[in-house]
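Geometric and topological summary
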Amino acid sequence: MPERAPTPHPADPQDGEADEVVSAVLTASRLLVAVSARSLASVEETLTLPQFRMLVVLSTRGPMNISRLGTHLDVIPSTAMRMVERLTGAGMLERELNPRNRREILIRLTTEGRRVVDTATDRRRAEIARIVGGMPPAHRTALVEALRAFNEAGDEPPAAEQAAPARTGTDMRW
């Protein structure tokens, strides 16, 4: 197993703030992974989070070849290919010749793959809405600004906008 370089401890006093941000983001990522896992399990019990991530990448970025897909997932092409094989067998992905380059195969979502992404995303959205609804309004505004900057820095496309469900008088507004 290759040795990892130790994480440097910054000497700059402002880097203490960066450590605090990293810790807060790590904690939030645990919460978000748990939300994702629950939403996925309620839709498709046999799908792993990495497989779901592949479906989401294809959903947000469109059809692509295996090399580009592996790059987006930060996996080697053979790993991406094994994931594609499993998801194709499950009816969630399909392969097709690229009409612009007949030597290239594109990977795309099927109707079933789209259904799984949409249903899991709707469930995840509802649970996140419940969590965010418990936050004070000023923190929600700050969270939106911070997460937009975070997502942009990480080159993650925005989630599809959806109309908010009708709210009752007892719902928290945000």
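Residues numbered from 1 in each chain as written. Predicted model: local features only at pLDDT ≥ 70, side-chain atom pairs only at ≥ 80, totals over all residues. Heavy atoms only, no water.

**Describing the overall build of the protein chain**
Here is the rule: Numbering of helices and strands runs from the N terminus; a helix is a DSSP stretch of H or I covering at least four residues, while a strand is a stretch of E covering at least two. Per-residue and other accessible areas were derived by the Shrake-Rupley procedure at a 1.4 Å probe size, with only the shown protein chains allowed to occlude residues.
Counting its regular elements, the protein chain contains six helices and two strands. Traced from its N-terminal end to its C-terminal end, the protein chain shows the element sequence α-α-α-α-β-β-α-α. Total accessible area computed for the protein chain in this model is approximately 12400 Å², and 57% of it derives from carbon and sulfur atoms.

**Let's talk about the packing of helix H2 (residues 49–61) against helix H3 (residues 66–73)**
Basically, it comes down to this: Orientation is described by axes fitted as lines to C-alpha atoms, over the contacting stretch for helices, and by angles from 0 to 180 degrees between their N-to-C directions. Orientation labels follow simple angle bins: below 35 degrees gives roughly parallel, above 145 gives roughly antiparallel, 65 to 115 gives roughly perpendicular, and whatever is left gives oblique. For any pair of crossing helices, the crossing counts as left-handed if the nearer helix is rotated counterclockwise from the farther one by less than a right angle, and right-handed if it is rotated clockwise. When checking whether two residues touch, look at their non-hydrogen atoms; a contact exists if any pair is within 4.5 Å. Under this grouping Gly is polar, as are all residues other than the nonpolar Ala, Val, Leu, Ile, Met, Phe, Trp, Tyr, Cys and Pro and the charged Asp, Glu, Lys and Arg.
The contact between H2 and H3 brings their axes to 10 Å, and the two run at 110°. When the axes of H2 and H3 are compared, the pair comes out roughly perpendicular. The two elements H2 and H3 cross, and the hand of that crossing is right-handed. Contacts from Arg53, Met54, Val57, Leu58 and Arg61 in H2 reach Arg68, Leu69, His72 and Leu73 in H3. Residue classes in the contact of H2 with H3 are distributed as five nonpolar, one polar and three charged.

**A word on the packing of H2 against helix H5 (residues 111–133)**
Between H2 and H5, the shortest axis-to-axis distance is 10 Å and the interhelical angle comes to 100°. Between H2 and H5, the crossing angle belongs to the class labelled roughly perpendicular. Here H2 contributes Phe52, Leu55, Val56 and Ser59 to the contact with H5, which in turn contributes Arg114, Val116, Val117, Ala120, Thr121 and Arg124. Across the contact of H2 with H5, the residue classes break down as six nonpolar, two polar and two charged.

**Some points on the nonpolar core**
To keep things clear, this is the line we draw: For this analysis, a nonpolar core means a set of buried residues of the types Ala, Val, Leu, Ile, Met, Phe, Trp, Tyr and Cys, connected via side-chain atoms within 4.5 Å. Note on classification: 1.4 Å probe, protein chains only; a residue is buried when its accessible area is under 20% of the maximum for its type, exposed when over 50%, partly exposed between these limits.
Among the nonpolar cores identified, the biggest contains 24 residues, and Leu47, Phe52, Met54, Leu55, Leu58, Leu69 and Leu93 are the most heavily contacted of them. Among the elements of the structure, H2, H3, helix H4 (77–89), strand S2 (101–109) and H5 are those that each provide at least two residues to this core. The element that contributes the greatest number of residues to this core is H2, accounting for six residues. Discounting residues that sit within four places of it in the chain, Leu47 has contacts with Leu40, Phe52, Leu55, Leu87, Met92 and Val116.

**As for the pairing of strand S1 (residues 93–98)**
Under the convention used in this document: By the convention used here, strands pair only if DSSP detects at least 2 bridges between them.
As defined by bridge partners, S1 adjoins S2 across six bridges and the pair is classed as antiparallel. Bridging across to S2, Arg95 finds its partner in Ile107. Following S1, the chain reverses through two residues before pairing antiparallel with S2.

**What about unusual backbone geometry?**
Among all residues except glycine, the phi angle is most often negative; among peptide bonds, the trans geometry is most common. Even without glycine at this site, Asp74 takes up a positive phi of about 60°. With respect to the secondary-structure elements, Asp74 resides in the loop between H3 and H4.

**Side note on a nonpolar patch on the surface**
Rules: Within this analysis, patches are made of residues with over 30% relative accessible area and no salt bridge. Like charges are joined at 9 Å or less; nonpolar side chains (Val, Leu, Ile, Met, Phe, Trp, Tyr) at 5 Å or less. Salt bridges are defined as contacts in which a side-chain nitrogen from Lys or Arg sits within 4 Å of a carboxyl oxygen from Asp or Glu.
Judged by side-chain polarity, Val21, Val25, Leu147 and Phe150 come together as a nonpolar surface patch covering roughly 330 Å² of accessible area. Elements with a contribution of two residues or more to the nonpolar patch: helix H1 (13–41) and helix H6 (137–153). The topology assignment puts Val21 in helix H1.

**Remarks on the confidence of the model for the protein chain**
Note the following rule: Confidence scores per residue from the predictor, reported as pLDDT, run from 0 to 100.
Per-chain confidence: the protein chain averages 83 in pLDDT, with 82% of residues scoring 70 or above. The lowest-confidence element of the protein chain is H1, averaging 85 in pLDDT; the highest-confidence one is H4, averaging 95. Every residue in residues 162–174 is under pLDDT 50, and counting partners more than four places away or in other chains gives 16 contacts.

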